[in-house]
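Examination of the molecular architecture
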Amino acid sequence: MTPDYPLAAVAHQPELLFALSLLAVAPSVGGLLIRGDRGAAKSTAARGLALLLPSGPDLPAPFVNLPLGATEDRVIGTLDLEAALRGEARLKSGLLAQADGGLLYIDEVNLLPDHLVDLLLDASAMGVVRVQRDTLSAEQPARFALVGSMNPEEGQLRPQFLDRFGLCVEVSAPHAPAERAEIIRRRMAFEADPTAFVQQWQEAQVALGQRLVSARHRFPNVSVPDALLETITTLSSEAGVRSLRADLVLHRAARACAALEQRSDVTAADLHRVAPFALLHRQSVGRPPSSPPTQGDPAQGNPVQGNSAKETSAQQPPASPPPGEPSPPDTIFAPTAISAPLALNQTPLRGSQQQAGSQHGGTRAVPNPQATQLHVPATLRSALGRGSVQLTAQDIHTSVPEDGGRRVLFVADTSGSVGTSGRMGAVKAALLDVLTGHTRRDRAALIVFRGTGATLLLDWTTDRAAAEDAIRTAPTGGRTPLAHALQLAADLLAGQRLAELVLFTDGRANVPLTPASDPWTDTLTAAAGLRGKAALVVDTEAGQVRLGRAAQLARILGATLQVLEPA
């Protein structure tokens, strides 16, 4: 079995290692959320921490990876159905109980259903998990260090759940060439000979483990001078944090920091050292929304500074001009009303009726004698199909989630022709309408085309707020490079399942792919390359004389055609 990468060998991530050390010393802080770029050692560091947690004789501390598709019964435990058929009342332990004494890790925690996030954080804070099934009630120990990781580009946790995580650390891959080279050097050495690499770092790993064990034993005896309580509350207040949970986390984290430094008393320096980890992710809770990207990109980890309305108010785009009046270049139109919602070919994002009761789409029944969740209709049908009313283990069926996550690629004409027709506001309104009721696993992307080319304005994301912001602030003006947009769409949709193209266009292409080619011929050729993809073409053409090119595109694509009509 290949050993895990040692935590002591994780290079150039000092803040991440410090935050993990605080959690190892004091799991009572309530868990650690790691936010940052792909490939920034988030999961590697979490696995490495599990190697250093206290464990039983000759047994490593458990490392439990919670999958996104886990059901509530799988997480907290459930009634043993096979034992119940024999008249025995017995529980099967869930993942929380299995993580007792170790580490519970959730990758992409922002995609986990909210009720499971809440349940996990409750168990992490209390150290127990309570299971109630019908008349059976049981309590199991669940003392574990909770680590969740996420990429902000994939969507955010709701503020109330962000507040429930005790600590948060922002990580990014190093930019300095020498640092990146050192990381690659260590990783290649590990992959070439994992055993030799672990032996090379054994001394540093043991020293780190001993430091954590010593600090963990010291932690209960570390005290915070009463005079520093006001420092704690001042730090929270100045950060604009309402939740008192932040103050409690500051208290515990500062004690863990002092324990790591082999001290029995907390100092003001300890509080200031841990404050960013306890407060950064709570700064937006209960505060006005941040300004648009032109004022600073919050996705890059820049917290909102100040409380003035001037700093935090969202920029309002100008109203759309009356139809027929020319619009100035690069105008930002406000969304306006539309007469009817878009009719997407696949199950629409809006409403998500078939996903009711599941964050991951519909469900299907499969045989499973060891099931932890019973699919009652399928189980009964199996027994009746044998001509018996006596259930056996072979009759037991369980529910498994279908892959409900789907992708919608919006390709929007933001050229001057759509602006002068007065339809740009309706285009934005239609886009925003589709996002209404956007589920946590659905992803959207946005391509806009104007001027001399097409731009991927928003890559695949579950972050509805980011999608809405991109739509509202998209500028309008210039020529219509429709063929370029269809080529870019083909690249983005290559290999995608459950993806649908939604194209907003009046069809008036006037930018060729090459100087000698015809813009409309290029457009038809690019459209033919997308045939077979689920698609909806939204005709934005207006005026008395209409060319009907959007309908021709729809035929080439094999797509549904819908005319966009402002309300």
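One structure accompanies this document, and this report is about it. Please read these numbers as outputs of a predicted model, since none were measured by experiment. (Residues numbered from 1 in each chain as written. Predicted model: local features only at pLDDT ≥ 70, side-chain atom pairs only at ≥ 80, totals over all residues. Heavy atoms only, no water.)

Quick notes on the environment of Gln552
Mapped onto the elements, Gln552 comes out in helix H21 (residues 549–557). Between the C-alpha atoms of Gln552 and Leu524, which are 28 residues apart in sequence, the distance is 8.7 Å. Apart from the residues within four sequence positions on either side, Gln552 is in contact with Trp520 and Leu524. (Helix = DSSP H or I, 4+ residues; strand = E, 2+ residues; numbered from the N terminus. Contact = heavy atoms within 4.5 Å.)

Quick notes on the pairing of strand S8 (residues 145–150)
Burial analysis of S8 places six of its six residues in the buried class, which makes it a mostly covered element. Side chains Ala145, Val147 and Ser149 project from S8 onto one buried face, and the interleaved Leu146, Gly148 and Met150 project onto a second face that is buried too. With four bridges connecting them, strand S1 (residues 32–36) and S8 associate as parallel partners. In the sheet register, Leu33 faces S8, and the bridge partner there is Gly148. (Buried < 20%, exposed > 50% of the residue type's maximum accessible area, 1.4 Å probe, protein only. Pairing = 2+ DSSP bridges.)

With respect to the layout of surface pockets
Over the atoms, a rolling probe the size of a water molecule traces out where space has been left empty. Approximately 440 Å³ is the volume attributed to the second largest pocket. Taken together, 18 residues make up the lining of the second largest pocket; nearest its centre are Gly39, Ala40, Ala41, Ile183 and Arg187. A total of five residues in the lining of the second largest pocket trace back to one element, the largest contributor, which is helix H8 (residues 177–192). The residue makeup of the lining of the second largest pocket, split by class, is ten nonpolar, four polar and four charged. (1 Å grid on protein atoms, 1.4 Å probe; cavity = no way out; pocket = protein on both sides within 12 Å on 5 of 7 lines; lining within 4 Å. Points joined across faces, edges and corners; volume = space filled by probe spheres on them. Nonpolar A, V, L, I, M, F, W, Y, C, P; charged D, E, K, R; others polar.)

A closer look at the sheet that holds strand S13 (residues 443–450)
What the six strands build is an open sheet, ordered S14-S13-S12-S15-S16-S17; its pairing is mixed. What marks the edges here is a single partner per strand, and that holds for strand S14 (453–461) and strand S17 (560–563). On average, each strand axis in the sheet is tilted by 15 degrees relative to the strand beside it, whichever way the strands run. Here helix H18 (residues 464–472) sits on the sheet in contact with S13 and S14, set at roughly 160 degrees to S14. Where helix H19 (residues 482–493) meets the sheet, it contacts strand S12 (407–413), S13, S14 and strand S15 (499–505), and its direction lies at approximately 30 degrees from that of S14. (Axes fitted to C-alpha atoms, helices over the stretch in contact; angles between N-to-C directions.)

Observations regarding unusual backbone geometry
Trans is the prevailing form of peptide bonds, just as negative phi is the prevailing case for residues other than glycine. Even without being glycine, Ala41 reaches a positive phi, approximately 70 degrees. Within the element layout of this structure, Ala41 appears in the loop between S1 and helix H2 (42–50). Exposure remark for Ala41: the relative accessible area of 24% places this residue in the partly exposed category. Of note in the backbone geometry, Gln262 takes a positive phi value of approximately 60 degrees without being a glycine. Judged by its relative accessible area of 56%, Gln262 is exposed.

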